[in-house]
Amino acid sequence: MFNPNRFRAALACFLLIAFLLLSGCGSSGKHQLSDDKLNVVVTFYPLYDFAVKIGGDRVHVINLVPAGVDSHDWSPKSRDISLINHADLFIYHGVGFEGWVEDVLASLASDAGVKPVQASSGIALIPLNETEKDEHEEHVEGQLEEHNHDHGGYDPHTWLSPNNAKVLANNIKDALIAVDPEGREVYERNYGVLVQRLMQLDQQFREKLEPQARKEIIVTHHSFGYLARDYGLTLLSIMGLSPEAEPTAQDIKRIDDFIKTHQVQYIFYEQLVSDDLAAMLARDAGIETLVLHPLEGLTEEELAAGEDYFSLMEANLNNLIKALQ
């Protein structure tokens, strides 16, 4: 005989099991440590991409910042700190890019087996001028008041130079070998392939940007200083190092003068930051906007389409050529 109470109890049990199974298949599953691979936790996309390409099948890489999230607006939760503590390797960029990382490093458990590695070690850094440094400090302190420390006074966006990317890749390769010496041959081989591609990318930028008569570009966020330095570009940023800053009336006049003087036809904006300001300034100046991707993070759509460091940097190059012609 049908028992409604028993049926309701069975249905509730079924729904609970289904919920738990679905939860395990969701995005949180991407942040589970592996039982049979080297566990590597990284702080943002370029480090993730390079670690995956160098590590191959021997590593399980976790990117702490979710897809579609601006890394400037992200800080770790307790579960993220637990992942770091239980990983084999924790790779962060440094140079103040992750405003929270020094406090996390100081809080690592004394018995944690994780090896922390600063991927930017050895890169020739660009010093910030005083205005840029003040803007950067104000932004980081405003976003993360609990992480109040010196950011060193250098531009942290090193990865947007393919030459700097080679240094990042080398530090990642060395870190993988240090914690997994048995994988040296795999890591060295994969690293060699990656460096060859980075050298080819650098050559593409040089060959295609050098002939351009104009070298001046306008960007919203001052992410592209290393790229500009390497390829002889003159960079004007609307909002300095902080993607959330607002330009003053004096800044807007300076931008307008720059557009007229150098006959700029495009203002570049970034993928994960609102383009409202760039669109407004471009509309007022009678010009257009284009994307220049900072690669700090990818959208779900970009990941699903198989985009990576190389495809996005090549798209950046194409848009730079379009803007400079």
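A quick note: this is a predicted structure, and the numbers were derived from the prediction, not measured.

Section: the sheet that holds strand 8 (residues 288-291)
Strand-to-strand pairing in sheets goes through backbone hydrogen bonds, with the strands running parallel or antiparallel.
Item 1. Taken in spatial order, the four strands make up an open sheet running 6-5-7-8, and their pairing is parallel. Each edge of the open sheet is held by one strand with a lone partner, namely strand 6 (234-237) and strand 8. Strand after strand, the sheet turns through a mean of 35° between neighbouring axes, direction not considered.
Item 2. When strand 5 (residues 216-219) meets strand 6, the two strands line up parallel, connected through four bridges. Paired with Glu 216 across the two strands is Thr 234, which belongs to strand 6.

As for the pairing of strand 1 (residues 38-42)
Item 1. The buried count for strand 1 comes to five of five residues, which makes it a mostly enclosed element.
Item 2. Side chains Leu 38, Val 40 and Val 42 project from strand 1 onto one buried face, and the interleaved Asn 39 and Val 41 project onto a second face that is buried too.
Item 3. Taken together, the five bridges between strand 1 and strand 2 (residues 59-63) define a ladder with parallel strand orientation. Along strand 2, the bridge assignment pairs Val 42 with Asn 63.
Item 4. Between strand 1 and its parallel partner strand 2, the chain crosses via helix 2 (residues 45-55), and the hand of that crossover is right-handed.
Item 5. Relative to strand 3 (residues 89-92), strand 1 is paired through three bridges, and the arrangement is parallel. Following the sheet pairing, Val 42 is matched in strand 3 by Ile 91.

Structural notes on the packing of aromatic side chains
Item 1. All told, the structure shown has nine aromatic pairs when counted by the stated rule.
Item 2. Pairing Phe 97 with Trp 159 gives two aromatic rings, centres 5.0 Å apart and planes at 75°, and the pair type is edge-to-face. Of this pair, Phe 97 sits in the loop between strand 3 and helix 4 (101-107) while Trp 159 is found in the loop between helix 5 (130-143) and helix 6 (162-179), placing the two residues 62 residues apart along the sequence.
Item 3. Overall, the relative accessible area of 0% leaves Trp 159 in the buried class.

Regarding the nonpolar core
Item 1. Ranked by internal contacts, the top residues of the largest apolar core, which has 56 residues, are Val 40, Leu 176, Phe 205, Tyr 309 and Leu 320.
Item 2. No other element matches helix 12 (residues 309-324), which puts nine residues into this core.
Item 3. The contact partners of Phe 205, leaving out residues within four places of it in the chain, are Glu 210, Leu 227, Tyr 231, Met 313, Leu 317 and Leu 320.

Observations regarding the confidence of the model for the protein chain
Item 1. On average, residues of the protein chain carry a pLDDT of 85, and 82% of them reach 70 or more.
Item 2. Contacts from residues 7-29, a stretch scored under 50 in pLDDT, to residues over four places away or in other chains number three contacts.
Item 3. With pLDDT under 50 throughout, residues 130-151 is counted as low confidence; its partners more than four residues away or in other chains account for 38 contacts.

Section: the environment of Leu 128
Item 1. Mapped onto the elements, Leu 128 comes out in the loop between strand 4 (115-118) and helix 5.
Item 2. Each C-alpha atom of the pair Leu 128 and Gly 153 lies 5.4 Å from the other, and the pair is 25 residues apart in sequence.

Cut-offs and rules
- Residues numbered from 1 in each chain as written.
- Predicted model: local features only at pLDDT ≥ 70, side-chain atom pairs only at ≥ 80, totals over all residues.
- Heavy atoms only, no water.
- Pairing = 2+ DSSP bridges.
- Helix = DSSP H or I, 4+ residues; strand = E, 2+ residues; numbered from the N terminus.
- Axes fitted to C-alpha atoms, helices over the stretch in contact; angles between N-to-C directions.
- Buried < 20%, exposed > 50% of the residue type's maximum accessible area, 1.4 Å probe, protein only.
- Right-handed = clockwise from strand over helix to strand, strands pointing away.
- Phe/Tyr/Trp six-rings, centres within 6.5 Å; stacked < 30°, edge-to-face > 60°.
- Core = buried A, V, L, I, M, F, W, Y, C linked by side-chain atoms within 4.5 Å.
- Contact = heavy atoms within 4.5 Å.
- pLDDT = per-residue confidence, 0-100.

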